[in-house]
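Breakdown of the fold
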Amino acid sequence: MINTSNCTHLAIRNAAKSLIAGNLVAFPTETVYGLGADATNQEAIARLYKVKGRPTDHPIIVHISSIRNLRKWAREIPVYAMNLAKIFWPGPMTLILPKTELAKDFITGYQDTVGIRVPSNPIALSLLSEFETRGGLGVAAPSANKFGKVSPTTASDVVLDLGGLLASEDQILNGGDCLIGVESTIIDCTRNEPIILRPGAVTKEQLQNFLKFNKSVNVNLNSQVKYSGSLDSHYSPVAKVFLTGTPNIGDGFIAYSHIKTPKGAIRLASPKNNEEYAHLLYKSFRYADFEGISKIYVIPPNNYGVGAAICDRLIKSSYKNLT
Ligand code: TXA
Ligand code: MG
């Protein structure tokens, strides 16, 4: 039976000890739940890949408690990347940087770079601090779902997806609902200018606003570069997602609140703005699967702010229906 703890300080400390001992711990972040393992422990990482069903050439983000630990994992850090880290960490942003010796191939998918993030969720931060106090250097954590499926935003999502695959020593820290609901912004910082590889809640507009004060930094956020290991089809519920067309009776429907539900369709979410849209998206997908709804019709949000991240996930989750 998997231990799903409420997040007392004791539970967090025990979870940190468990990570040090080589076990897996699922924990909340402000974006989605992660499935954590000691990023330096090859055996633990191998089990993490197995539980997730993830190909081993697909790299995993290393989570640290503070910018102070960044140089343990990354080298040749451009000034603009350091500035981004100072401004947006702790927060929903992952930086891709050249790796140090510490970041082994089993974490980076045999690449020369490493993905690093300092999350802002207090439980995640506390877990990372406790882990580091005990000698840990970083927690590798992909989203705590089966590979290619919808990321979990509650502890019960994690139990449903992975509960049966975790060992009795593993743990799930229950920190309630994730604030944001979509994964972090991933920024490639290996060139002269930052490139967004995966949009998230740290938005293109925020980055551009910030970078314009640093005249020496060029920014090319419109680049269509894809991050390594990315797949066109991802973030998929069992239900088919359609971004065009009209739902029939019994089909699911997601749109801004001011848009009326087509006759006979089942309203899954009515967000008032893009932040609410992000927060509700994966929940709606999961609810549809739970209810056995086989088709979801979505009217995507505008592309502004976190809307870009939502549109990105919607395109990927609907891809299989386009081919
Ligand atoms: O919000 C998030 O980022 C969540 C929470 C748990 O932190 N994590 C997450 O991890 O979404 P994951 O593994 O589901 O997605 C991370 C993506 C992967 O597609 C991976 O290819 C990319 O980040 N990635 C990680 N390290 C990379 C690297 N060195 N180079 C390029 N892409 C990298
Ligand atoms: Mg994921």
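Small disclaimer: the values here were computed from a predicted structure and weren't measured.

Looking only at helices and strands, one finds 10 helices and 14 strands in the protein chain. By the compact-globule yardstick of 20 Å for 323 residues, the protein chain fits well, its C-alpha radius of gyration being 19 Å. By residue count, 56% of the 323 residues in the protein chain fall in the buried class. Restricting the contact set of the protein chain to residue pairs at least 6 apart, pairs at least 24 apart contribute 69%. As displayed, the protein chain has an accessible area near 14000 Å², and 53% of this comes from carbon and sulfur atoms. Separation of charge centres in the protein chain, based on 34 positive and 26 negative side chains, amounts to 3 Å.

Before going further, it helps to spend a moment on the domain arrangement of the protein chain. On domain assignment, one finds that the protein chain holds domain 1 (3-219) and domain 2 (240-317). For domain 1 and domain 2, the distance between their C-alpha centres works out to 27 Å. Contact residues are listed per partner, giving 23 residues for domain 1 and 14 residues for domain 2. Around 1400 Å² of area is buried between domain 1 and domain 2 when both sides are counted, 54% of it from carbon and sulfur atoms.

Moving on, we come to the site of ligand 1. In the neighbourhood of ligand 1, 23 residues make up the surrounding shell, with Thr 31, Arg 54, His 63, Ser 184 and Arg 198 lying closest. Contacts to ligand 1 include His 58, whose side-chain N or O atom sits 3.4 Å from an oxygen atom. Between an oxygen atom of ligand 1 and a side-chain N or O atom of Arg 198, the distance comes to 2.8 Å. The fraction of the free accessible surface of ligand 1 (670 Å²) that becomes covered by protein chains is 96%. When residues of the shell around ligand 1 are assigned to their parent elements, the largest contribution, four residues, is made by strand S6 (residues 113-117).

Quick look at the pairing of strand S5 (residues 93-98) now. Taking burial as the measure, the six residues of S5 include six buried ones, the bulk of the element. The pairing of S5 with strand S9 (residues 185-188) spans four bridges and is parallel. Directly across from Thr 94, in S9, lies its bridge partner Ile 186. Taken together, the five bridges between S5 and S6 define a ladder with antiparallel strand orientation. Among the inter-strand pairings, Leu 97 is bridged to a residue of S6, identified as Val 114.

For the rest of this paragraph, the subject is the sheet that holds strand S12 (residues 252-254). Read from one edge to the other, the open sheet built from four strands follows the order S11-S14-S12-S13, with strand pairing classed as parallel. Bordering the open sheet on either side are strand S11 (240-242) and strand S13 (266-269), each of which pairs with just one other strand. Here the average twist between neighbouring strands, direction ignored, is 30°. Alignment of S12 against S13, held across three bridges, turns out to be parallel. By the bridge assignment for S13, Phe 253 is matched with Arg 267. The strands that helix H9 (residues 274-290) touches are S11, S12, S13 and strand S14 (295-298); relative to S13, the one it contacts most, it runs at about 135°.

Our next topic: helix H1 (residues 9-20). Along its 12 residues, H1 runs 17 Å from first to last C-alpha, staying within 8% of the 16 Å computed at 1.5 Å per residue. Looking at H1, one finds that the buried residues are Ala 11, Ile 12, Ala 15, Ala 16, Ser 18 and Leu 19. Viewed end-on, H1 has its buried residues packed into an arc of 160°, placing them on one side of the element. Taken from the residues just after H1, Gly 22 is the one with a positive phi, measuring 100°.

What follows deals with the environment of Glu 76. Mapped onto the secondary structure, Glu 76 falls in the loop between helix H3 (70-73) and helix H4 (79-88). Look at Glu 76 and you get exposed, because its relative accessible area is 59%. In this structure the C-alpha to C-alpha distance between Glu 76 and Thr 190, which are 114 residues apart in sequence, comes to 8.4 Å. In terms of polar contacts, Glu 76 uses its side chain to reach the side chain of Arg 75, at 2.5 Å.

Under the definition given, this model contains 13 salt bridges. A salt bridge links Asp 188 to Arg 191; its shortest N-O distance comes to 3.3 Å. Arg 191 sits in the partly exposed class, given a relative accessible area of 45%. By sharing partners, the salt bridges in this structure join Glu 183, Asp 312, Arg 313 and Lys 316 into a single network.

What counts, and where the lines are drawn
Residues numbered from 1 in each chain as written. Chains lettered and ligands numbered in written order. Predicted model: local features only at pLDDT ≥ 70, side-chain atom pairs only at ≥ 80, totals over all residues. Heavy atoms only, no water. Helix = DSSP H or I, 4+ residues; strand = E, 2+ residues; numbered from the N terminus. Rg over C-alpha atoms; globule rule 2.2 N^0.38 Å. Buried < 20%, exposed > 50% of the residue type's maximum accessible area, 1.4 Å probe, protein only. Contact = heavy atoms within 4.5 Å. Areas by Shrake-Rupley, 256 points an atom, 1.4 Å probe, with all protein chains shown as cover. Lys, Arg positive; Asp, Glu negative; His and termini not counted. Charge placed at Lys NZ, Arg CZ, Asp CG, Glu CD. Domains from an automatic or database assignment. Buried area = accessible area lost by both parts, 1.4 Å probe. Near = heavy atom within 4 Å. Polar contact = N/O pair within 3.5 Å; in protein donor to acceptor, adjacent residues only side chain to side chain. Pairing = 2+ DSSP bridges. Axes fitted to C-alpha atoms, helices over the stretch in contact; angles between N-to-C directions. Expected span 1.5 Å × (residues − 1). Arc of directions from axis to C-beta. Salt bridge = Lys/Arg side-chain N within 4 Å of Asp/Glu carboxyl O.

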